[in-house]
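Descriptive analysis of the structure
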Amino acid sequence: MNRLQAIRPFGQRLWLDNLSRELIASGELARLLADDGIAGVTSNPAIFHKAISTDPRYRDELAQLKSDATLSAEQRYETLVIADIRAACDLTLPQYQTTAGDDGYVSLEVSPALAHDEAGTLAAARRLWVAIDRPNAMIKIPATPPGIAAFRQLTAEGINVNITLLFSLKQVEAVWDAYIAGLSARHAAGQPLRHVKAVASFFLSRVDSLLDAQLPAPLQGKAAIALAKAAYRRYLQRFHGAEFAALHAAGARPQFLLWASTGTKNQAYSDVLYVESLIGADTVNTVPDATLALFRDHGHAAATLAADGDAALAVLAAAQAAGIDFDAVGEQLQRDGLALFEKAFAELLQLTA
């Protein structure tokens, strides 16, 4: 068992935050699944922009798609990447099957241009779900208010969702409200719950990148981990308590927290800070290749997520006393994240125009 595999006995899954045809065709993704215990894959517009702009395997198909003037740039993009998502789903399907649907998911994001359009998000998510046609696919949706409303409806319809760009406890609670409401509506309609899977993607390093300059030295580099630990405490209360008990008995799965943005941006901190500090049951950590390699080399697996919960709350209280409004920070970071995804998506469509 290598250092990455040592995480799994603590109940956490590692997903790869990357996807490309090279990764699939070279056998590297299969190796990561087999040797490192990777249990899923996430993608986003920036990841696919890098893949399509650098991987020659896309060139001939893209040229053929461009010869069809009836296709939009977005339709060409979707044709390219849906093939990749399907191939990755097929590689992870054995995990999905052997774990009865706990593992083996692959995420594809709706257009970030739809972030404030509930109807548009619903239509795109349904279309992508049908086009991918894999039970272990996940449709990725930003956690704006319209996105959360769409998430509730998609959950009721039995579509797997990775709801993303979460930066605050307020946002996470709203997502869990929507998930439980969607499952409740599905259950009331007599529909099965067991196959429905959703994760809540909580972004970490961007929180510290923003707040460190506003915090006294003893609190720097601690806010994101404190927020994550506080969110996990609430997760345990909501999904392992009375509120979720009836749905759980009917077959529903809790909505795991997924740690995102886990590559360390500040070189003063440990390069595996956001992996080592947040290992615990019922969670996912989606990790970029570089951070995977670093943890494989020198990371230490231990049950850290549930430890020092009171100390984490004390960090948050001290930060608030220092003037930090975590709800406002969450809104700002979500807006900033959406802007980055919109820019990446626009650049992506330039490649396929």
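In the block above lies the structure referred to throughout.
The following refers to the structure shown. (Residues numbered from 1 in each chain as written. Predicted model: local features only at pLDDT ≥ 70, side-chain atom pairs only at ≥ 80, totals over all residues. Heavy atoms only, no water.)

**What to know about the pairing of strand 2 (residues 38-42)**
This is how the line gets drawn: Three exposure classes are used, based on accessible area relative to the maximum for each residue type with a 1.4 Å probe and protein chains only: buried under 20%, partly exposed in between, and exposed over 50%. The helix and strand labels rest on DSSP assignments: H or I over at least four residues marks a helix, E over at least two residues marks a strand, and numbering proceeds from the N terminus. Strand pairing requires that DSSP identify at least two bridges connecting the strands.
Buried residues dominate strand 2, accounting for 5 of its 5 residues. Alignment of strand 1 (residues 12-17) against strand 2, held across 3 bridges, turns out to be parallel. Paired with Asp17 across the strands is Thr42, a residue of strand 2. Here strand 2 pairs with strand 3 (residues 105-109) via 2 bridges, running parallel. Across the sheet, the residue bridging to Val41 is Val106, located in strand 3.

**Some details on the packing of helix 5 (residues 73-98) against helix 15 (residues 326-352)**
Formally: To get an axis, a line is fitted to the C-alpha atoms, and for a helix only the part in contact is used. The angle between two axes follows their N-to-C directions and goes from 0 to 180 degrees. If an angle is under 35 degrees, it is roughly parallel; if it is over 145, roughly antiparallel; if it lies from 65 to 115, roughly perpendicular; otherwise it is oblique. Contacts: residue pairs with any heavy atoms within 4.5 Å of one another. When residues are sorted by character, Ala, Val, Leu, Ile, Met, Phe, Trp, Tyr, Cys and Pro go into the nonpolar class, Asp, Glu, Lys and Arg into the charged class, and all the rest, Gly among them, into the polar class.
Contact geometry of helix 5 with helix 15 gives a least axis separation of 8 Å together with a crossing angle of 90 degrees. Relative to helix 15, helix 5 is oriented roughly perpendicular. Between helix 5, through Ala73, Glu74, Arg76, Tyr77 and Leu80, and helix 15, the contact on the second element is made entirely by Phe345, Leu348, Leu349 and Thr352. Classifying every residue of the contact of helix 5 with helix 15 gives 6 nonpolar, 1 polar and 2 charged.

**A closer look at the sheet that holds strand 2**
With parallel pairing, 8 strands are arranged side by side around a closed barrel as 1-2-3-4-5-6-7-8. Direction aside, neighbouring strands of the sheet carry axes that sit 30 degrees apart on average. Across 5 bridges, strand 1 lies against strand 8 (residues 283-287) in parallel orientation. Bridge pairing in strand 8 links Gln12 to Thr283. Contacts between helix 6 (residues 118-132) and the sheet are confined to strand 3 and strand 4 (137-142), with strand 4 contributing the most and set at about 160 degrees to the helix.

**Here's the deal with helix 14 (residues 309-321)**
Filter applied, for reference: By definition here, a helix of n residues has an expected span of 1.5 Å times n minus one. Note: the arc covers the axis-to-C-beta directions of the helix.
The terminal C-alpha atoms of helix 14, which comprises 13 residues, lie 19 Å apart, in line with the 18 Å expected from a rise of 1.5 Å per residue. Along helix 14, the residues that are buried comprise Gly309, Ala312, Val315, Leu316 and Ala319. One side of helix 14 holds all its buried residues, which, seen down the axis, span an arc of 115 degrees. Those residues of helix 14 that are exposed and aimed more than 90 degrees away from the buried face are Asp310 and Ala321. Residues of helix 14 that are buried sit in contact with helix 10 (223-239) and helix 15.

**Quick notes on the nonpolar core**
We count it as follows: Put simply, buried Ala, Val, Leu, Ile, Met, Phe, Trp, Tyr and Cys residues joined by side-chain atoms within 4.5 Å make one nonpolar core.
Of all hydrophobic cores here, the largest spans 119 residues; its most connected members are Tyr77, Leu108, Ile139 and Leu257. Per-element accounting of this core gives the leading share, 11 residues, to helix 10. For Leu257, the contacting residues outside a window of four places in its chain are Val172, Trp176, Ala200, Ala231, Tyr232, Tyr235, Asp282, Thr283 and Val284.

**Remarks on the environment of Tyr77**
In this structure, Tyr77 sits in helix 5. Note: C-alpha distance between Tyr77 and Ala353 (276 residues apart in sequence) is 9.0 Å. If we skip the residues at most four places from it in the chain, Tyr77 touches Phe48, Ile52, Leu108, Phe345, Leu348, Leu349 and Thr352.

**Points about unusual backbone geometry**
Of note, the phi angle at Asp133 is positive, near 60 degrees, even though the residue is not glycine. Position of Asp133 relative to the elements: it lies in the loop between helix 6 and strand 4. A positive phi angle, near 60 degrees, is found at Asp308, a position not held by glycine. Of note, Asp308 is situated in the loop between helix 13 (289-298) and helix 14.

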